[in-house]
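If you want the building blocks of each chain, they are given just below.
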Amino acid sequence: MSYLINLASIFAIYAILAISMNSITGYTGLVTLAHAAFYGIGAYTTALLLIHGGVNFFVAMLAGIFLAGVVALLIGSVMSKFRGDYYILGSIGFLYIINSIMKNWDSVTGGPLGVAGITRPALFGVSFAENLPFLLLCLTLLILVYWLAKWIVSTPFGRVLKAIREDEEAIAVFGYRTKHFKLLIFMIGCGMAALAGGLFAGYIRYIDPSTFTIVDSVFMLACIIVGGLANVRGAILGTAILVMIIEFSRLIGLPADVAAQLREVIYGVLLIVMMFWRPQGLIGEYKL
Amino acid sequence: MALVLQLVVAALITGAQYSFLAMAFSLQYSVLKFFNLSLAPVFMSGAYIFIAVTRFLKMPALIGFCAGIIGAALLGWLLHICIYEPLRKRGSSNMTLLVGAIGAMTALQAFTIIGFGSEYQSLQPATSQWHVFEFGSITITSVQIVTIAVSILIFLSLMLISRKTLFGKATRAIADDEEVAKIMGLNTNKHLNKVVLLSSALAGLGGILVGLDLGMSPGYGLTSIILAITAALIGGMGITSGAFLGAFFLSFAETAGVGFLGGEWKAIIGFSMLILFLIFKPQGILKQ
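Peer 1: Teacher, can you tell me more about the overall build of chain B here?
Peer 2: Each helix and strand counted, chain B has eleven helices and two strands in total. When the helices and strands of chain B are placed in sequence order, the string is α-α-α-α-β-β-α-α-α-α-α-α-α. In terms of its C-alpha atoms, chain B occupies a principal-axis envelope of roughly 60 × 45 × 35 Å. In chain B, which comprises 288 residues, the proportion classed as buried is 54%. Within chain B, residue pairs in contact and separated by at least 24 positions form 74% of the contacts whose partners lie at least 6 positions apart. If you sum the accessible surface of chain B, you get close to 12200 Å²; carbon and sulfur atoms cover 69% of it. The positive charge centre, built from 16 side chains, and the negative charge centre, built from 10, are 10 Å apart in chain B.

Pasting the structure below:
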């Protein structure tokens, strides 16, 4: 039972990440690999405020979302100028810069050793210290994020995003300032990723820079490409499939380090296979 | 003064080390027109095949050297005919090719870790030390001198090939317009294969030479390819001579930055150059 709870919690955190990336990559057509950086900003802010600031977990998490939003505003206003391939390239550059700061700013982030001893929260007398209540917290937030993402894409704002994806010049002719739209969805998506980061820090109780690298961004990309681009349910489906694959590779009894690498081989191969077979994903609505 | 001279020599060595992958990437980009991130594992494969042949098979270094270059060429070519050529035939977008390349890179990097472990490995034979030359305050090893010499030699021969031979003319014709080159009776697919073989061999050679000086670890590949793309971008995408100059421009900027900020921020300086050039001079320093 505790095994299933663990699995479901990890799934919920990854699903939030996949939904947030899907709103940037799937709906707006901006393929970003910087997502792990914002996931990390959320996790670090939550953990550091909690340990050094003695702030309430939820306040710390909100601060993480806010900080990620501010950083996303700065990075996004630069990235909104790039298109297509160059967008990905720029996002990789920013991911490396932020990861490098996590690794090298020892006095604040703890350097490569990371931050340990993160405590689980309590709210209105309900403690989330046990795994089951924490899972319920993760699932509640997942549902919130799910509805938020659904709502965003159903609004006129969401329709402009899809129009930008299909033909940015055409929609700009109608007087929409596409840069502002791209920037805003980037900030929203990155804020959601920071939320997932806060949950991750609370769940695992230990974070270090190696969790927020390009490999993690590629994992999120694999989730939404397998499940389906521009489909919120697709992001969840893709995450479920990939989390199952992770578990399967653990169950067949390989040594832990080989299994970890084997998973990466599987995401990589899945990405290639999807590009041949269904570039829009299983239930996706947009082809890269 | 002595310090400045030392830094200049250090920058020259680093620039030569960057130049191989930068030229390989630029050559490939000029005809294929997508960011082939899977040149990263091709680059590493040169070094790892060298390790396998010299250490595990106990063969002489020269055989390891040849095997590394041939192996890298074959790996790059296999990736091309198995993934990129069929995707291009289907008329896939650049983004699809790039996602395929990210998949291939992730999978191959994980394979490398399964085979060789994730830690840093030295390529230097355990029994011998590189000869160290001293000119006043400057010290430089034999491998570093060879690296600079080979880098310049390759640059000159690529220029000669591009200007004087039929192969070079055909490459430029495809770079200009693949459709027109095809209509003029050029077998473009066959020619692209040759370009991929040449550039992959060049990447493999770079991997060995860099590895002989600095060693190799699986994480090094992606950093190298991003820096190579940065160098190619600085020189102007797809201009091979530009990539060569860009590699030195990048290494001098990095060395200067490290002089001011300290060695741990080296990665940030390199990636900041990528972002700065993407924003202010995406056409590079050579292109009008």
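Peer 1: I'm lost on helix H5 (residues 142–164) of chain B in this one. Help?
Peer 2: Residues and elements named next belong to chain B. For H5, spanning 23 residues, the distance from its first C-alpha to its last is 32 Å, which sits close to the expected 33 Å at 1.5 Å a residue. Within the sequence span of H5, burial applies to Val143, Gln144, Thr147, Ile148, Ser151, Ile154, Phe155, Leu158 and Met159. Residues of H5 that are buried in the fold lie against helix H1 (2–32), strand E2 (138–141), helix H8 (188–214) and helix H10 (240–261).

Peer 1: Explain the environment of glutamate 119 of chain B to me, please; I cannot follow it from the model alone.
Peer 2: Residue and element names in this part refer to chain B. Tracing the sequence through the fold places glutamate 119 in the loop between helix H4 (94–116) and strand E1 (132–135). Residue class for glutamate 119 comes out partly exposed when judged on its relative accessible area of 48%. Apart from residues no more than four positions distant in its own chain, glutamate 119 is found in contact with Met216, Ser217 and Pro218.

Peer 1: Got a minute to help me understand the nonpolar core in this structure?
Peer 2: Looking at soluble globular proteins, one finds that nonpolar side chains tend to be buried together. Judged by nonpolar contacts, the single largest core of 186 residues is most densely connected at Phe38 and Ile207 of chain A together with Ile225 of chain B. Top contributing element to this core by residue count: H1 of chain B, with 14 residues.

Peer 1: Teacher, can you tell me more about the packing of helix H1 (residues 2–25) of chain A against helix H6 (residues 131–154) of chain A here?
Peer 2: The relative placement of two packed helices is expressed as an angle between their axes plus a distance between the axes. All names here are of chain A. For the pair H1 and H6, the least separation of the axes is 9 Å and the interaxial angle reads 25 degrees. Taken together, the axes of H1 and H6 are roughly parallel relative to one another. In the crossing of H1 with H6, the sense of the turn from one axis to the other is left-handed. Judged by residue contacts, Ile5, Ala8, Ser9, Phe11, Ala12, Ile13, Ala15, Ile16 and Ile19 of H1 engage Asn131, Leu132, Leu135, Cys138, Leu139, Leu141, Leu142, Val145, Tyr146 and Ala149 from H6. Tallied by class, the residues present in the contact of H1 with H6 amount to 17 nonpolar, two polar and no charged.

Peer 1: Can you walk me through the pairing of E2 of chain B in this structure?
Peer 2: Residues in a regular strand point their side chains to alternate faces of the sheet. Residues and elements named next belong to chain B. The pairing of E1 with E2 spans four bridges and is antiparallel. Residue pairing across strands places glutamate 134 opposite threonine 139, the latter belonging to E2. Here E1 folds back onto E2 in antiparallel fashion, the turn holding two residues, of which glycine 136 has a positive phi close to 60 degrees.

Peer 1: Quick question: what am I supposed to make of the interface of chain A and chain B here?
Peer 2: Size of an interface, as often reported, equals the accessible area lost when the parts are brought together. Taken together, the contact pairs 36 residues of chain A with 41 residues of chain B. Here chain A packs against chain B, burying approximately 3500 Å² in sum over the two surfaces, 82% of which is carbon and sulfur. Summed over the three residues of chain A that lose the most area to chain B, namely Asp85, Leu89 and Phe276 of chain A, the buried surface amounts to 20% of that side. In this assembly, chain A and chain B are joined by zero salt bridges. Elements with a minimum of two residues in the side of chain A that touches chain B: helix H4 (84–104), helix H10 (214–227) and helix H12 (256–277) of chain A. Residue contributions to the side of chain A that touches chain B peak at 14 residues, all from H4 of chain A. For the side of chain A that touches chain B, the per-class residue count stands at 25 nonpolar, eight polar and three charged.

Quick notes on the rules
Residues numbered from 1 in each chain as written. Chains lettered and ligands numbered in written order. Predicted model: local features only at pLDDT ≥ 70, side-chain atom pairs only at ≥ 80, totals over all residues. Heavy atoms only, no water. Helix = DSSP H or I, 4+ residues; strand = E, 2+ residues; numbered from the N terminus. Buried < 20%, exposed > 50% of the residue type's maximum accessible area, 1.4 Å probe, protein only. Contact = heavy atoms within 4.5 Å. Areas by Shrake-Rupley, 256 points an atom, 1.4 Å probe, with all protein chains shown as cover. Lys, Arg positive; Asp, Glu negative; His and termini not counted. Charge placed at Lys NZ, Arg CZ, Asp CG, Glu CD. Expected span 1.5 Å × (residues − 1). Core = buried A, V, L, I, M, F, W, Y, C linked by side-chain atoms within 4.5 Å. Axes fitted to C-alpha atoms, helices over the stretch in contact; angles between N-to-C directions. Parallel < 35°, antiparallel > 145°, perpendicular 65-115°, else oblique. Left-handed = near helix turned anticlockwise from the far one by under 90°. Nonpolar A, V, L, I, M, F, W, Y, C, P; charged D, E, K, R; others polar. Pairing = 2+ DSSP bridges. Buried area = accessible area lost by both parts, 1.4 Å probe. Salt bridge = Lys/Arg side-chain N within 4 Å of Asp/Glu carboxyl O.

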